[in-house]
Amino acid sequence: MAEVTLDTISNLAKRRGFVFQSSEIYGGLRSAYDYGPLGAELLRNVKAEWWHTMVQIRPDVVGLDSAIIQARQVWQASGHEEVFTDPMVECRNCNSRHRLDKLEDPSQCPTCGVRGELTDPRNFNLMLRTHMGPVESEENLVYLRPETAQGIFINYESIRRTNRLKLPFGIAQIGKAFRNEITPGQFVFRTREFEQMEMEFFCRPEEADQWFEYWREHRFQWYVDLGIDPENLRLRAHENDELSHYSAGTADVEYRFPWGWDELEGLANRTDFDLRQHTEHAGEDLRYFDQESDERFFPYVIEPAAGATRAMFAFMIDAYTEEMVNDESRVVLKLDHRLAPYKVAVLPLSKKDELIQPAEKLAESLRRRWMVELDVTQSIGRRYRRQDEIGTPWCVTVDFDTLEDNAVTVRDRDTMDQDRVSIDGVEDYLAARLG
Ligand code: GAP
């Protein structure tokens, strides 16, 4: 099988309308991306699967959707204003800027190759700034959230009280986050606007290690269950000097990206850092009162923090397959059917009305349940190839025999096996496989 490169996936993503560069007609921002029709579906499906696993089927986790703009004090209390920085160096020769901790050789500029011209590092704060209201003053300064997590901490007490939650419990949220990355790149892997899927799991301090173990395994398995080859996944514990300012222990779920192992998701033991900080800064007691023991204490927090856009990218890379079929190469995106943008494609064999009409009717009825594409263009071979490339698990072909036997051919993306199924039975046939 051919090696999957970054270009292979980014070209497929652009060619088929998964992902476009933001503001492309003006030259592109290179920091943010727009998700086209297929990308929007794939991303929605990734988030829906996360929500299903992390919220819907759990009695101990509830959801939240908090604002992107929060009071500046939130980021002062959380420590982000002071220490959410990356060490930045600048090349005196070509003026390019780099993250020191990402340089292979800290004495050499990776852009122009000149040695000895990098400046001393300075800490660069990653939060994107804007102003609330018409006056651009220091008092009106606010940040676009660099993580969704703080929205959870500042709502912790209201959620606990209104939902009568008892430890241990989690609060989950999916949403946009923004970081003024020094070097965005590798397509959607590192961008300045992205989406996170985070859950803060509040527990008794003495149970934190045990929950940390639990969530490490649980999150690793989520990617495997959705089709990622476990050979391409690993858990890596952070060294002490890598730990974020709030963390007593972090493990990353890493994926073998085309450029090597890199972070897919971070799991941290945030201790009681955030609740203590907000208690101190906001003057509101965020301790938990345990009625049984008559004790008041700060819960510890275990945080699985994933990137939705980054996960979508990893799912695409892992699903990408090139195969030889009858001496012809075919590209197949072997996405788990839960993630596939379209579940079914309905393909009338010819553009004749007598086939288009039953195809439209079938597509219309299947659309009530699933995302369905009706494709009437090009030869049937090309249409199969397109559907394989965008990961559609089933193609339903309406042919001239359909007019006689009232049946269609259902083709499986991965095995290419074909079944003849009566039109009335197509929905049940697919439901048995799609759920
Ligand atoms: N609340 C903890 C937190 O934000 P993080 O490891 O900085 O932890 C969590 O971020 C996840 O968010 C990462 O594992 C990654 O998947 C995603 N992420 C972070 N920065 C990103 C960026 N610039 N572009 C795309 N995804 C990013």
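Residues numbered from 1 in each chain as written. Predicted model: local features only at pLDDT ≥ 70, side-chain atom pairs only at ≥ 80, totals over all residues. Heavy atoms only, no water.

Q: Please set out the domain arrangement of the chain residue by residue, giving values where relevant.
A: Domain parsing of the chain yields domain 1 (6–71 + 145–316) and domain 2 (342–434). Each of domain 1 and domain 2 was reduced to a C-alpha centroid, and the two centroids are 37 Å apart. At the junction of the two partners, domain 1 supplies seven residues and domain 2 supplies six residues. Of the roughly 620 Å² buried at the junction of domain 1 and domain 2 (both faces included), carbon and sulfur atoms supply 52%. Taken as a group, Arg16, Leu38 and Glu41 account for 66% of the area that domain 1 buries against domain 2, more than any other trio of residues on that side. Our enumeration of links across domain 1 and domain 2 arrives at two salt bridges. (Domains from an automatic or database assignment. Contact = heavy atoms within 4.5 Å. Buried area = accessible area lost by both parts, 1.4 Å probe. Salt bridge = Lys/Arg side-chain N within 4 Å of Asp/Glu carboxyl O.)

Q: Pulling in residues and values, what's your account of the site of the ligand?
A: Taken together, 21 residues sit near the ligand, with Glu147, Arg179, Glu181, Glu198 and Glu263 positioned nearest. Glu147 is positioned such that a nitrogen or oxygen atom in its side chain is 2.6 Å from a nitrogen atom of the ligand. Here Glu181 contributes a side-chain N or O atom positioned 2.8 Å from a nitrogen atom of the ligand. If the ligand stood free it would expose 550 Å²; the protein chains cover 92% of that surface. Those elements that provide at least two residues to the shell around the ligand are strand 10 (193–203), strand 13 (260–271) and strand 16 (300–307). Of the residues forming the shell around the ligand, the biggest block, five residues, is contributed by strand 13. Each residue belonging to the shell around the ligand can be placed in one class, and the counts come to seven nonpolar, four polar and 10 charged. (Near = heavy atom within 4 Å. Polar contact = N/O pair within 3.5 Å; in protein donor to acceptor, adjacent residues only side chain to side chain. Areas by Shrake-Rupley, 256 points an atom, 1.4 Å probe, with all protein chains shown as cover. Helix = DSSP H or I, 4+ residues; strand = E, 2+ residues; numbered from the N terminus. Nonpolar A, V, L, I, M, F, W, Y, C, P; charged D, E, K, R; others polar.)

Q: Hey, could you go over the packing of aromatic side chains for me, with residue numbers and the actual values?
A: The relative placement of two aromatic rings is captured by the distance of their centres and the angle of their planes. Taken as a whole and assessed by the stated rule, the structure comprises 21 aromatic pairs. Their ring planes at 65 degrees and their centres at 5.6 Å tell us that Phe187 and Phe313 sit as a pair that is edge-to-face. Taken as a pair, Phe187 in the loop between strand 9 (169–178) and strand 10 and Phe313 in helix 8 (residues 308–319) lie far apart in primary sequence, 126 residues in all. Taking the relative accessible area as the measure of exposure, Phe313 reaches 1% and is therefore buried. Every member of this aromatic cluster is reached through a ring pair, and the members are Tyr33, Phe187, Phe189, Tyr255, Phe257, Trp259 and Phe313. Positioned over the ring face of Tyr384 is Arg411, at 4.2 Å from the centre of the ring. Cation over ring: Arg433 sits above Tyr429, and NZ or CZ is 3.6 Å from the ring centre. (Phe/Tyr/Trp six-rings, centres within 6.5 Å; stacked < 30°, edge-to-face > 60°. Buried < 20%, exposed > 50% of the residue type's maximum accessible area, 1.4 Å probe, protein only. Lys NZ or Arg CZ within 6 Å of the ring centre and 35° of its normal.)

Q: Which residues make up the pattern of salt bridges, and what are the values?
A: Summed over all chains, the structure comprises 41 salt bridges. Its salt-bridge partner being Arg97, residue Glu90 comes within 3.5 Å of it at the nearest N-O pair. A salt bridge links Arg92 to Glu117; the shortest N-O distance between them is 4.0 Å. Here Glu117 lies in the loop between strand 5 (97–99) and strand 6 (122–125) and Arg92 lies in the loop between strand 4 (85–90) and strand 5, a separation of 25 residues in the sequence.

Q: Which residues make up the side chain of Asn45, and what values go with them?
A: Looking at where Asn45 falls in the secondary structure, it is placed in helix 2 (residues 37–56). In this structure, Asn45 is in contact with Arg338, Leu339, Ala340, Pro341 and Lys343, ignoring residues within four places of it in sequence.

Q: Hey, could you go over the state of the cysteines for me, with residue numbers and the actual values?
A: This model, assessed by the stated rule, comprises zero disulfides. Among the cysteines around Cys91, which has no disulfide bond, Cys109 carries the closest sulfur, lying 3.7 Å off. You can see Cys112 has no disulfide; the closest cysteine sulfur is in Cys109, sitting 3.7 Å from it. (Disulfide = S-S within 2.5 Å.)

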